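Here is what each chain is made of, one letter per residue.
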Amino acid sequence: MVTYLLLAGLLVTLLPSTLATSLYSRDRQAFGLCYEEDCLSAHFSYNPYGCHGPSKWKLVTPCWHECGGKRQSPVNIKTEHTHYMPHSLLHFHNLCTRVPGKIRNNGHSPHFSTDARIISLTNVPLRGSDEYIFEEIHFHIGKREEKGSEHSIDGDFYPMEAHMVFYNDKYKDIGAAKSKRDGLVVIGVMAEINDDEDEENPQQTYFNRGYQPSKLDLNKACPCVGKSDDCYRKYCRCRLKNARIMSTLMEKYFYTVREYVPPKNNGTRDFVQLTEFISPVDVLPYDWSFYMYDGSLTTPPCYQTVRWIVMRCPIRISLEAFNMYKLVQDVHNVPLVTNGLRRPIQRQFMPVYRNFHWGNIGEETPYCPDEQ
Ligand SMILES: [Zn+2]
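Residues numbered from 1 in each chain as written. Predicted model: local features only at pLDDT ≥ 70, side-chain atom pairs only at ≥ 80, totals over all residues.

**A word on the overall build of the protein chain**
Under the convention used in this document: Helix and strand definitions here come from DSSP, where helices need a minimum of 4 consecutive H or I residues and strands a minimum of 2 consecutive E residues; each element is numbered from the N-terminal end. For the exposure call, what matters is how many other C-beta atoms sit within 10 Å of a residue's own: 20 or more marks it buried, 12 or fewer exposed, and in between partly exposed, using C-beta atoms placed from the backbone. For every residue pair, C-beta atoms are placed from the backbone, and the pair is scored as a contact if these atoms sit within 7 Å.
Along the backbone of the protein chain there are seven helices and 16 strands. Expressed as a percentage of its 372 residues, the buried residues of the protein chain come to 37%. In the protein chain, of all internal contacts separated by at least 6 residues, the share reaching a separation of at least 24 is 72%.

Below you can see the structure in the form of structure tokens.
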């Protein structure tokens with residue numbers, strides 16, 4: 001009897017995993033040549049029809065299973081459903097001390113990075129006193145020019161989105177940090193294209209497209225003073241900062257690294273040392289109000305370890321920098337823009353918070369003198 005019970009118990013325990021294994025094998029067969037047992041040899045692409053495309057990432061190799069998880073990024077931020085969370089400004093350390101940088105085209109994106117562990121971030125929501133080291137800035141663009149950002153806000157996309165990547169200084173480097181629960185903070189900033197040489201134009205940039213400003217006072221920065229939160233949420237926009245320094249870097253270096261160079265035999269990749277210095281301030285907007293949620297890397301292995309900070313206000317990047325980006329090639333020497341460089345919006349299961357009251361928007365944050 002005891003043996004019988006034991007056997008029955010064993011069967012019950014084994015059944016679900018056997019079923020799971022057979023489903024997984026079936027997926028693998030359907031995948032044919034795209035499946036890789038070895039994570040390090042696996043490839044991904046942004047081609048929605050290919051077997052390495054974003055909807056298939058979770059099946060390409062076993063260690064990318066998190067790409068099918070419930071804390072995946074990017075998401076659409078529905079501003080009406082964001083929860084107010086009192087939180088003071090992010091604290092950047094040495095923000096105005098520029099650090100030596102380099103740029104590399106890894107076949108998926110060109111990215112600026114630094115080895116100098118000098119610029120850091122603290123006061124990250126719900127991450128206690130942990131300190132995060134600035135490591136990298138890269139940008140996402142789309143197949144369609146107007147839809148290049150990964151996140152969207154109330155369903156609206158921007159032509160580009162900048163990502164500043166920070167890793168927890170308790171880990172040796174970003175490689176060690178990225179799979180850890182408290183490993184990463186990524187700040188996302190939406191970017192518009194500055195297609196005329198004029199300076200910021202408050203009249204144009206404060207209002208949503210399609211809104212009829214004649215009904216409200218155009219001389220005011222925001223036409224909602226004394227009105228409802230809903231008015232602020234819908235109609236008060238940001239003063240856009242022209243990200244001049246970053247635009248110049250992109251114009252110059254995206255051309256330099258436009259061709260993908262495969263890694264050398266020892267696995268190292270070529271990079272180009274910048275003659276200029278870099279800082280996250282190059283892509284930070286004037287107003288540091290933000291949305292925040294728990295999410296993931298937006299490329300495989302999609303680790304669900306990212307505290308996302310998505311800035312409410314966008315910046316502007318020059319048209320020339322945007323055009324230069326379109327020339328950058330992927331591993332197959334095809335321009336990245338052919339398939340775009342953005343993961344589609346993921347189903348949202350996690351709450352999104354904001355650190356500002358709608359009525360307080362438009363407050364501006366300290367800046368570095370050479371940014372003005
Ligand atoms: Zn990114």
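From this point on, the discussion continues.
**Some remarks on the pairing of strand β9 (residues 160–168)**
Stated formally: What makes two strands pair is DSSP finding at least two bridges between them.
Within β9, nine of the nine residues are buried, which leaves the element mostly enclosed by the surrounding structure. Two elements, strand β7 (residues 132–141) and β9, share nine bridges in a ladder whose sense is antiparallel. Within β9, the residue paired with I137 across the bridge is M164. Pairing between β9 and strand β10 (residues 184–194): eight bridges, direction antiparallel. Paired with H163 across the two strands is G188, which belongs to β10.

**Considering helix α6 (residues 244–256)**
Worth spelling out the cut-off: To estimate the expected span of a helix, subtract one from its residue number and multiply by 1.5 Å.
Relative to the 18 Å expected for 13 residues at 1.5 Å per residue, α6 spans 19 Å between its end C-alpha atoms, a close match to the ideal helical length. Listing the buried residues of α6 in full gives M246, S247, L249, M250, Y253 and F254.

**A word on the pairing of strand β15 (residues 315–318)**
Each regular strand carries side chains that alternate between the two faces of the sheet. Side chains I315 and I317 of β15 all project onto a buried face; the interleaved residues R316 and S318 project onto the opposite face, where all are buried too. Judged from the four bridges that link them, β10 and β15 form a sheet pairing that is parallel. The residue bridging A191 from the neighbouring strand is I315, located in β15.

**Side note on the confidence of the model for the protein chain**
Segments scoring low in pLDDT should not have their predicted coordinates read at a detailed level. Formally: Each residue carries a pLDDT score, the predictor's confidence in it, ranging from 0 to 100.
Averaged over all residues, the pLDDT of the protein chain equals 84, while 81% of them reach at least 70. When pLDDT is averaged over each helix and strand of the protein chain, the minimum, 42, is found for helix α4 (residues 202–205) and the maximum, 98, for β9. Every residue in residues 1–23 scores below 50 in pLDDT, and together they form zero contacts with partners more than four places removed in sequence or on other chains. Throughout residues 201–220 the model reports pLDDT below 50, and contacts reaching past four residues in sequence, or to other chains, amount to 23 contacts.

**Thoughts on the environment of Y46**
Position of Y46 among the secondary structure elements: in the loop between α1 (2–31) and α2 (57–60). Expressed as a C-alpha distance, the spacing of Y46 and R343, which sit 297 residues apart in the sequence, is 7.1 Å. Sequence-distant contacts of Y46, that is, excluding residues within four places in its chain, are made with G53, P54, N339, G340 and L341.

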